[in-house]
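# Structural characterization, general
Each chain is listed here by its residues.
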Amino acid sequence: MNAVTTTIDPRSGLCTLINVFTVEPERQEALVKLLEEATEQVMRHLPGFVSANLHRGLDGTHVANYAQWASREYFEAMLRNPRAQEHMRAAAAMAQKFEPHLYEVASTHQREEA
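Report follows, based on the coordinates. (Residues numbered from 1 in each chain as written. Predicted model: local features only at pLDDT ≥ 70, side-chain atom pairs only at ≥ 80, totals over all residues. Heavy atoms only, no water.)

### Observations concerning the pattern of salt bridges
- Under the counting rule described, the total for this entry stands at seven salt bridges.
- The salt bridge partner of Arg11 is Asp9, with a shortest N-O separation of 3.1 Å.
- You can call Arg11 exposed: its relative accessible area is 73%.
- Here Glu40 makes a salt bridge to Arg44, at a shortest N to O gap of 3.0 Å.
- Take Glu40: its relative accessible area is 46%, and that puts it in the partly exposed class.
- In the salt-bridge network here, residues are joined through shared partners; they are Glu29, Lys33 and Arg56. (Salt bridge = Lys/Arg side-chain N within 4 Å of Asp/Glu carboxyl O. Buried < 20%, exposed > 50% of the residue type's maximum accessible area, 1.4 Å probe, protein only.)

Below you can see the structure in the form of structure tokens.
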């Protein structure tokens, strides 16, 4: 099976989840590990999953999940999946706050090579 990489392209038509978790500093690494496990064990095997990218905040109190799904419908189907719900509840319990929102890429910009 060929690996698919994260591509940020306004023409892709993908649905993007950006979920920012606020955690106590001593829980940040545990939340990253939980999200890694959820992605490896469940999310990446669900229909429509494209990619997930976990970011550890340098301030020690944030974790961001940038995940791509083939469509909003696939994302919503994931939300109804009992195994996915189990992991989402565990992540929510670990965080002080979390803010999931769906996005579409509006534009991208890169530095031109000299």
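Continuing now.
### Things to note about the sheet that holds strand β2 (residues 49-56)
- Overall, antiparallel pairing links the four strands, which are arranged β2-β3-β1-β4 in an open sheet. In this open sheet, the two edge strands, each paired with only one partner strand, are β2 and β4 (97-103). Shown here is a sheet whose adjacent strand axes are inclined to one another by a mean of 15°, direction ignored.
- As judged from the seven bridges shared by β2 and strand β3 (residues 62-69), these two strands associate in the antiparallel manner. Its bridge partner being in β3, Asn53 is matched across the sheet by Tyr66. (Pairing = 2+ DSSP bridges. Helix = DSSP H or I, 4+ residues; strand = E, 2+ residues; numbered from the N terminus. Axes fitted to C-alpha atoms, helices over the stretch in contact; angles between N-to-C directions.)

None of this, on its own, says anything about what the molecule does.
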